[in-house]
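# Descriptive analysis of the structure
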Amino acid sequence: MHESIEKYIITDNLDAIIYKDGDMKLQIFNKTKSPYGWEPRNLIVSHYSVQANEFTYDYVSDKVDEVYSTFPNEEIHELITKIKQYKNG
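Everything in this summary refers to the structure shown in the same document. Model, not experiment: these values are computed from the prediction.

This model, assessed by the stated rule, comprises 2 aromatic pairs. When the ring of Phe55 is compared with that of Tyr59, the centres are 5.6 Å apart and the planes differ by 45°; the resulting orientation is tilted. Note on Tyr59: relative accessible area 15%, which makes it buried. When the ring of Tyr68 is compared with that of Phe71, the centres are 5.0 Å apart and the planes differ by 45°; the resulting orientation is tilted. No difference in accessibility class separates Tyr68 from Phe71, as the two residues are buried. Stacked on the ring of Phe29, the Lys or Arg Arg41 has its end atom at 3.9 Å from the ring centre.

Set out below in structure tokens:
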């Protein structure tokens, strides 16, 4: 793990990377089903980090909309909820 990274928050297709300085980075993946039982995740895009107060549901939703025509809003809610739970510890 890079020394400036504090935590990875992961859902099926989204990662939020929380840096020690408080900035956050969004990574968007494509998780595919495999007949062998594992489900590989392929990185689609890794955005530049933004300040924590900019990393909102709307921010994530806008970035996801740039690469997916349809995407489950529940997964965005899951990511934001996990981040809040981590920060409220």
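Before going further, it helps to spend a moment on the sheet that holds strand β1 (residues 5–10). Spatially, β1-β2-β3-β4 is the arrangement adopted by the 4 strands of the open sheet, whose pairing is antiparallel. Both edges of this open sheet fall to β1 and β4 (41–46), since each of them pairs with a single strand only. The mean angle between the axes of side-by-side strands here comes to 25°, regardless of whether they run parallel or antiparallel. Two elements, strand β3 (residues 24–31) and β4, share 5 bridges in a ladder whose sense is antiparallel. Across the sheet, Ile28 pairs through a bridge with Val45, a residue of β4. In the packing of helix α1 (residues 57–65) onto the sheet, the strands contacted are β2 (14–19) and β3, and the crossing angle to β3 comes to about 40°. Packing of helix α2 (residues 73–88) onto the sheet brings it into contact with β1, β2 and β3, and relative to β1 it is tilted by some 145°.

With 16 residues, α2 should reach 22 Å at 1.5 Å per residue; the first-to-last C-alpha distance of 23 Å fits that figure. Of all the residues in α2, the buried ones are Glu75, Ile76, Leu79, Ile80 and Ile83. All buried residues of α2 fall inside an arc of 140° around its axis, so they share one side. Of the exposed residues in α2, those oriented more than 90 degrees away from the buried face are Glu74, Lys84, Gln85 and Asn88. Against the buried residues of α2 lie β1, β2, β3 and α1. At the exit of α2 stands Gly89, carrying a positive phi of roughly 35°.

Criteria and cut-off values
Residues numbered from 1 in each chain as written. Predicted model: local features only at pLDDT ≥ 70, side-chain atom pairs only at ≥ 80, totals over all residues. Heavy atoms only, no water. Phe/Tyr/Trp six-rings, centres within 6.5 Å; stacked < 30°, edge-to-face > 60°. Buried < 20%, exposed > 50% of the residue type's maximum accessible area, 1.4 Å probe, protein only. Lys NZ or Arg CZ within 6 Å of the ring centre and 35° of its normal. Pairing = 2+ DSSP bridges. Helix = DSSP H or I, 4+ residues; strand = E, 2+ residues; numbered from the N terminus. Axes fitted to C-alpha atoms, helices over the stretch in contact; angles between N-to-C directions. Contact = heavy atoms within 4.5 Å. Expected span 1.5 Å × (residues − 1). Arc of directions from axis to C-beta.

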